[in-house]
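# Analysis of the macromolecular model
Listed below, chain by chain, are the residues.
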Amino acid sequence: MTSDALRSMFLFFSLLPTISIAQSDSASFQPIISPAQELKMQQEQARPGYRSPVLGPLISSAKLQKLEKKALAGSPDAANRLSTYYDYSVLNTQKRDYWVQIAAENGSAVAQGNYGMHFPLQKEEQNKRSVFWLEKSRSNGFAGADRHLFERSSADLFDKFFEQNSQQMMCEYVNQCQAPNYTKKPK
Amino acid sequence: MRYPHVFFAGAALLFFYQAAMPAVIPFVSLSETEINHDLPLAAMSGSWSAAQLLSEYYFHESNYAQDAFWLRIWAQNGDPIGEYNYGAYLKCLNGSGSNIRSFFWIRKSKLPRAPIVLLFDAQSCRTLRGRLPQSQNNSPPDLNRPN
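None of these values were measured; they are calculated from a predicted model. (Residues numbered from 1 in each chain as written. Chains lettered and ligands numbered in written order. Predicted model: local features only at pLDDT ≥ 70, side-chain atom pairs only at ≥ 80, totals over all residues.)

### Quick look at the overall build of chain A
From N to C terminus, chain A includes eight helices and two strands. Taken from the N to the C terminus, the helices and strands of chain A come in the order α-β-β-α-α-α-α-α-α-α. The buried share of chain A, taken over its 187 residues, is 24%. Put simply, 42% of the contacts in chain A that link residues at least 6 apart link residues at least 24 apart. (Helix = DSSP H or I, 4+ residues; strand = E, 2+ residues; numbered from the N terminus. Buried ≥ 20, exposed ≤ 12 C-beta atoms within 10 Å, placed from the backbone. Contact = placed C-beta atoms within 7 Å.)

So this is what it looks like as structure tokens:
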């Protein structure tokens, strides 16, 4: 399961108790949301990437140390748990990326998929690396990697197509492919 | 065999040439496009040898940040020798948790000589001193390549 799906599930279950079903004459059910929740949802919709301050459970420092040792020794589950901890409970993206990479190295298919999705598309090198990790995660049985692999390969195909046809596309866009000169040349 | 004396002379020549070879073999010369484009793309796609070449090239060039980066890629690509080398590098790093991580990579390599790394002392780490960072910086590595 992707981190986006997990996050939406987490938000859904955290919002569940605040939702009550309106008893109206019409058959349509309209949920009633508290003003604070409504504001939060508006903020999330207005700013993509905004994270509401609903946090996950905290882990004690002793348990964190144990998990870190387990993860470094090769446990994919411990590394996954640490990455989700730094994603949801303590928002530290640098540490989250570190533990996602460790989990991917330890052989967790989900983490390999997440790590592969993490690379930006712009650089060719990073695109290759993302395809490497996504293929690894697919071979380890993570079905979610397929869609992202398709996106990466289609981006590659688009780039090649654009390289070949960029001049033609641009002149069609500007409508100046064949600029006819109807005026007579001055003598 | 029609000309056995030719075969044996060749074999003897090869044998003595090997014996006369210098202990330090100079690094193969790589073109700029190979270093900056071809090899990184191949290494990022999962090639063992490309990552190995890049790691060794940057080690010879004394660019140890790049060397450590490609060493990790070499290990991630699944080459047992890369895993062993990266484990040895982590063993000498003295960072928090790097000792445990080095054991992970060395165990993963499954090489018969792997347990030797567990006996590494300061003297054996001094041979790897080029690869070790000047300041012991334990911050998690970035996804991007170092410059």
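### Re the overall build of chain B
Helix and strand counts for chain B come out as seven helices and zero strands. Of the regular secondary structure in chain B, the N- to C-terminal order runs α-α-α-α-α-α-α. Classification of the 147 residues of chain B by burial places 30% in the buried group. Across chain B, every contact between residues at least 6 apart in sequence was considered, and the portion connecting residues at least 24 apart equals 52%.

### Let's talk about the nonpolar core
A79 and W99 of chain A together with A43, L54, W70 and Y89 of chain B are the most contacted members of the largest nonpolar core, which has 49 residues in total. A total of seven residues in this core trace back to one element, the largest contributor, which is helix α4 (residues 64-76) of chain B. Two domains each put at least three residues into this core: domain 2 (57-107) and domain 3 (109-181) of chain A. Discounting residues that sit within four places of it in the chain, W99 of chain A has contacts with A71, A79, L82, S83 and Y86 of chain A. (Core = buried A, V, L, I, M, F, W, Y, C linked by C-beta atoms within 7 Å. Domains from an automatic or database assignment.)

### Topic: the interface of chain A and chain B
Facing the 17 residues of chain A at the interface are 12 residues of chain B. When contributions to the side of chain A that touches chain B are tallied by element, the ones reaching two or more residues are α3 (61-73), α5 (93-106) and α7 (124-139) of chain A. Split into classes, the residues belonging to the side of chain A that touches chain B amount to five nonpolar, three polar and nine charged. (Nonpolar A, V, L, I, M, F, W, Y, C, P; charged D, E, K, R; others polar.)

### Structural notes on α7 of chain A
Residues and elements named next belong to chain A. Taking 1.5 Å per residue, 16 residues should reach 22 Å; α7 reaches 23 Å between its end C-alpha atoms and fits that length. Along α7, the residues classified as buried are N127, R129, S130, V131, F132, W133, L134, K136 and S137. Among the residues trailing α7, G141 stands out with phi positive, at a value near 105°. (Expected span 1.5 Å × (residues − 1).)

### Some details on unusual backbone geometry
Residues and elements named next belong to chain B. Despite not being glycine, S62 shows a phi value in the positive range, around 65°. Tracing the chain through its elements places S62 in the loop between α3 (48-60) and α4. Even without glycine at this site, K110 takes up a positive phi of about 55°. Secondary-structure assignment places K110 in the loop between α6 (98-109) and α7 (122-126). Given 10 C-beta atoms within a 10 Å radius, K110 is considered exposed.

### Observations regarding α6 of chain B
Since there are 3.6 residues in each turn of an α-helix, residues three or four apart along the chain are aligned in direction. The terminal C-alpha atoms of α6 of chain B lie 16 Å apart, and with 12 residues this matches the ideal 16 Å at 1.5 Å per residue to within 8%. At its buried positions, α6 of chain B is contacted by α3 of chain A together with α4 and α5 (80-91) of chain B. Looking at the residues trailing α6 of chain B, positive phi occurs at K110 of chain B, about 55°.

### A word on the packing of α5 of chain A against helix α6 (residues 109-118) of chain A
Residues and elements named next belong to chain A. The interhelical angle for the contact between α5 and α6, taken along N-to-C directions, is 130°, at an axis separation of 8 Å. Regarding the angle of α5 to α6, the classification is oblique. Relative to α6, the crossing made by α5 is left-handed. In this structure, α5 contributes D97, V100, Q101, A103 and A104 to the contact, and α6 contributes A111, Q112, N114, Y115 and H118. A breakdown of the residues in the contact of α5 with α6 according to their chemical character gives five nonpolar, four polar and one charged. (Axes fitted to C-alpha atoms, helices over the stretch in contact; angles between N-to-C directions. Parallel < 35°, antiparallel > 145°, perpendicular 65-115°, else oblique. Left-handed = near helix turned anticlockwise from the far one by under 90°.)

### Describing the confidence of the model for chain A
Per-chain confidence: chain A averages 76 in pLDDT, with 62% of residues scoring 70 or above. Of all helices and strands in chain A, the one with the weakest mean pLDDT is strand β1 (residues 20-21) of chain A (44), whereas α3 of chain A scores best (93). (pLDDT = per-residue confidence, 0-100.)

### Quick notes on the packing of α6 of chain A against α7 of chain A
Residue and element names in this part refer to chain A. For the pair α6 and α7, the least separation of the axes is 8 Å and the interaxial angle reads 160°. Comparing the axis directions of α6 and α7 gives the class roughly antiparallel. In terms of crossing hand, the pair formed by α6 and α7 is left-handed. On α7, the residues touching A109, Q112, G113, Y115 and G116 of α6 are S130, W133, L134, K136 and S137. Classifying every residue of the contact of α6 with α7 gives four nonpolar, five polar and one charged.

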